[in-house]
Amino acid sequence: MARSSSGIVAGLTVVALAAVGFLGYQASATAPAHPPQAAPPATAPSPVPSAHAADSAKPVAVPAESGTGSRVVYSVSLKRVWLVGESGQEQKSFPVKPSTAHPKPGTYLVNSRSGAVTGSDGVPIEHVVRFATADGVVVGFSSRVDGQTPEPDPNKKTGGIRMTRTDGDAMWAFATINSKVVVVP
């Protein structure tokens, strides 16, 4: 009797290990080739700040000359966007990659939006929020579907002010049709 029950346990163990192995293989075979990256772990502040750290880690105040009320503020020189709520409090701020066509300083309204299109640079983009025209090119905020934020080709007239996909999600939720966009130098 002891012999047959140990044989059953051994058989069940082999079947269980085979099932776990098969499920592990199946999971790895259907996993995306490039899974979304997790945020890097927090590190201690560096004694010598880098230029990139100043872009995203250090808070930058909403420009004083950007008006009042709910608005998107875009600083061409700082390469930064602020999403400002009705009370004037910043809801989110993040660095962006400006396009090669820059809108003039002033106040604009979001005039169109697209969930997913091909950008003026030929790249698939999402969460497009358009608000101006500069140098004959439509200008708006967007995120590349592939998640990259390279510098734009200086030899092409492009209107896409690019941001990360996470920041693009926030922009899409905040900047609806007729939302105010204030461009500052």
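For the structure, see preceding data.
Residues numbered from 1 in each chain as written. Predicted model: local features only at pLDDT ≥ 70, side-chain atom pairs only at ≥ 80, totals over all residues. Heavy atoms only, no water.

Q: What am I meant to see in the pattern of salt bridges here?
A: Between side chains of opposite charge, pairing is possible as soon as their charged atoms come close. Taken as a whole, this structure holds 5 salt bridges when the rule is applied. Asp 167 is paired through a salt bridge with Lys 92; the nearest N and O atoms lie 3.1 Å apart. Taken together, the residues Asp 167 in helix α3 (residues 165-174) and Lys 92 in strand β3 (residues 90-95) connect sequence positions 75 residues apart. Residue classification places Asp 167 among the buried positions, given a relative accessible area of 10%. Residue classification places Lys 92 among the partly exposed residues on the basis of a relative accessible area of 28%. With a closest N to O distance of 2.7 Å, Asp 146 and Arg 144 form a salt bridge. Exposure remark for Asp 146: the relative accessible area of 43% places this residue in the partly exposed category. Among the residues examined, Arg 144 registers a relative accessible area of 11% and is labelled buried. (Salt bridge = Lys/Arg side-chain N within 4 Å of Asp/Glu carboxyl O. Helix = DSSP H or I, 4+ residues; strand = E, 2+ residues; numbered from the N terminus. Buried < 20%, exposed > 50% of the residue type's maximum accessible area, 1.4 Å probe, protein only.)

Q: Would you take a moment to explain the side chain of Arg 144 for this structure?
A: Tracing the backbone shows Arg 144 in strand β7 (residues 137-144). Polar side-chain contacts of Arg 144 include one of 2.7 Å to the side chain of Asp 146. If we skip the residues at most four places from it in the chain, Arg 144 touches Val 123, Pro 124, Ile 125, Pro 150, Arg 162, Met 163 and Arg 165. (Polar contact = N/O pair within 3.5 Å; in protein donor to acceptor, adjacent residues only side chain to side chain. Contact = heavy atoms within 4.5 Å.)

Q: Is there a simple way to explain the environment of Gly 106 in this structure?
A: Following the sequence through the fold, Gly 106 ends up in strand β4 (residues 106-109). Judged by its relative accessible area of 25%, Gly 106 is partly exposed. With 75 residues separating them in the primary sequence, Gly 106 and Val 181 have C-alpha atoms 8.3 Å apart.

Q: Would you take a moment to explain the sheet that holds strand β8 (residues 160-163) for this structure?
A: Paired through their backbone hydrogen bonds, the strands of a sheet run either parallel or antiparallel. Strand order in this open sheet of 4 strands is β5-β6-β7-β8, and the pairing throughout is mixed. With one partner strand each, in any of the chains shown, β5 (112-118) and β8 form the two edges of the open sheet. Mean inter-strand twist for the sheet, computed between neighbouring axes without regard to direction, equals 30°. In the sheet, β7 pairs with β8 via 4 bridges, with the strands oriented parallel. Within β8, the residue paired with Ser 143 across the bridge is Met 163. α3 contacts β5, β6 (124-134), β7 and β8 of the sheet and is inclined by roughly 60° relative to β6. (Pairing = 2+ DSSP bridges. Axes fitted to C-alpha atoms, helices over the stretch in contact; angles between N-to-C directions.)

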